[in-house]
Amino acid sequence: FFFFQAEDGIRDAQESRGLGDVYKRQDVKFGGVFRCSMDLNSKYGTDRVFNTPLSEQGIAAFGIGLAAVGYTAIAEIQFADYIYPAFDQIVNEAAKFRYRTGDQFHVGGLTIRTPCGAVGHGGHYHSQHPEAYFCHTPGLKVVCPRDPIQAKGLLLASIRDKNPVIFLEPKALYRNAEDDVPTGDFNLELHVSDVVKEGKDITLIGWSTQIRVLMEAAAMAEKDGISCEVIDLQTLYPYDGETLIKSLNKTGRCIISHEAPVTCGLGSELAAILQEKCFLRLEAPLLRICGYDTPFPMSHEPLYLPDKWKIYDGIKKTMNY
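Note that this is a predicted model, so its numbers are computed, not measured.

### What to know about the pattern of salt bridges
Stage number 1. Scanning the entire structure with this criterion turns up 13 salt bridges.
Stage number 2. The partner of Arg 113 in a salt bridge is Glu 76, with the nearest N and O atoms 2.6 Å apart. With Arg 113 in strand β4 (residues 110-116) and Glu 76 in strand β3 (residues 73-76), this pair connects stretches of sequence that are 37 residues apart. Side by side, Arg 113 and Glu 76 carry an identical accessibility label, which is buried.
Stage number 3. Between Asp 103 and Arg 98 there is a salt bridge, with its nearest N and O atoms 3.1 Å apart.
Stage number 4. Through salt bridges with shared partners, a single network forms among Arg 146, Asp 147, Asp 194 and Asp 232.

Set out below in structure tokens:
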């Protein structure tokens, strides 16, 4: 299961020399709402795994302080929707620590885990996908896995990376995603997009739970004789532009999809760089199929989300341009 791999990744980090010194959150001690930290406190003790006050700003600031003096700190914000009180600490302190000290000090030992995305009944305070805010911040890395294998491999890579990392975990996958995950210490390289499915007619780019949606739409398009290449960005910032450019130069058509609102979303940046680098190879305008520019709705969530039917219609529209 997806959430077991989050726990397994933290456990492996705790057991690795020089890794996982401290893991903290308001209720991490008993396992948290999603039970991603079950038994870690009993195994490693309250000095390393402990609860904090309900203060996102304080959780981030405490993690920054620990990382600044050499600890590996894994902080968790219970829901990504509530990360905003910590925004100043993350963007103005963690991201700029190395730069403002001339590389004399850094907080590269800090990883902030936070569950994100739609879950079916979360409404506007438990469904947001806020990656774009942090992808606009030099000094941070932003990572988002799509399944249990990526959850473990990318989490361990994030913890080991010498830069502060925002690790977004799609909570919809906690209890409905499973895979054959390598046991023991297992790393996946950051900054590398994963070509989940190769194709020749159109490139579909996404991350998080949206990869499932893109794969479903690609399967529908295959029945019409359309070959789709599906790419999971994985590291959202700094992203792997080379893989995207190579794919679009091959297919000439592209759809970018994410749950977050379309305006100023990460898809806008990707569309801009791809048209700049691949303009002469384009057979159709790049298309973004994303969430609407509204607060995340509750009862209208199925209408808000970019589902397989919207992607499928976009594929046909792009192919028929």
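### Overview of the packing of helix α9 (residues 241-251) against helix α10 (residues 266-278)
Stage number 1. It is the contact of α9 with α10, at a shortest axis distance of 10 Å, that shows an interaxial angle of 55 degrees. The pairing of α9 with α10 is recorded here as oblique in orientation. The element α9 and its partner α10 pack so that their crossing is right-handed. Listed contacts from α10 to Leu 244, Ile 245, Leu 248 and Asn 249 of α9 are Leu 270, Leu 274, Lys 277 and Cys 278.
Stage number 2. In the contact of α9 with α10, the residues fall into six nonpolar, one polar and one charged.

### What about the pairing of strand β9 (residues 228-232)?
Stage number 1. Counting buried residues in β9 gives five out of five residues, a clear majority hidden from the surface.
Stage number 2. Alternating residues of β9 divide into Cys 228, Val 230 and Asp 232 and Glu 229 and Ile 231, and every residue in both groups is buried.
Stage number 3. Strand direction decides the pairing type here: strand β8 (residues 202-206) and β9, joined by five bridges, are parallel. Among the inter-strand pairings, Thr 203 is bridged to a residue of β9, identified as Glu 229.
Stage number 4. What joins β8 to β9 is helix α8 (residues 210-222), and the crossover it makes is right-handed.

### Let's talk about the sheet that holds strand β11 (residues 254-261)
Stage number 1. Read across the sheet, five strands follow the order β7-β9-β8-β11-β12 without closing on themselves; strand pairing throughout is mixed. Of all strands in the sheet, those with a lone pairing partner are β7 (194-197) and β12 (287-291), marking the two edges. Mean inter-strand twist for the sheet, computed between neighbouring axes without regard to direction, equals 25 degrees.
Stage number 2. Across five bridges, the pairing between β11 and β12 is parallel. Bridged to Ile 255 within β12 is Leu 287.

### Structural notes on the pairing of β8
Stage number 1. Of all five residues that make up β8, five are buried, and the element is covered over most of its length.
Stage number 2. With burial as the criterion, each face of β8 is covered, one bearing Ile 202, Leu 204 and Gly 206 and the other bearing Thr 203 and Ile 205.
Stage number 3. The pairing of β8 with β11 spans three bridges and is parallel. Its bridge partner being in β11, Leu 204 is matched across the sheet by Ile 255.

### Comments concerning the layout of surface pockets
Stage number 1. Estimates place the volume of the largest pocket at around 340 Å³.
Stage number 2. Lining the largest pocket are 19 residues, with Gln 128, His 129, Tyr 133, Ala 260 and Pro 261 positioned closest to its centre.
Stage number 3. Elements with a minimum of two residues in the lining of the largest pocket: α6 (131-135) and β11.
Stage number 4. Residue contributions to the lining of the largest pocket peak at three residues, all from β11.
Stage number 5. Across the lining of the largest pocket, the residue classes break down as 10 nonpolar, seven polar and two charged.
Stage number 6. Here the second largest pocket defines a volume of roughly 270 Å³.
Stage number 7. Residue lining of the second largest pocket: 18 residues in total, with Thr 209, Gln 210, Val 213, Glu 259 and Leu 305 positioned closest to the centre.

The rules we used
Residues numbered from 1 in each chain as written. Predicted model: local features only at pLDDT ≥ 70, side-chain atom pairs only at ≥ 80, totals over all residues. Heavy atoms only, no water. Salt bridge = Lys/Arg side-chain N within 4 Å of Asp/Glu carboxyl O. Helix = DSSP H or I, 4+ residues; strand = E, 2+ residues; numbered from the N terminus. Buried < 20%, exposed > 50% of the residue type's maximum accessible area, 1.4 Å probe, protein only. Axes fitted to C-alpha atoms, helices over the stretch in contact; angles between N-to-C directions. Parallel < 35°, antiparallel > 145°, perpendicular 65-115°, else oblique. Left-handed = near helix turned anticlockwise from the far one by under 90°. Contact = heavy atoms within 4.5 Å. Nonpolar A, V, L, I, M, F, W, Y, C, P; charged D, E, K, R; others polar. Pairing = 2+ DSSP bridges. Right-handed = clockwise from strand over helix to strand, strands pointing away. 1 Å grid on protein atoms, 1.4 Å probe; cavity = no way out; pocket = protein on both sides within 12 Å on 5 of 7 lines; lining within 4 Å. Points joined across faces, edges and corners; volume = space filled by probe spheres on them.

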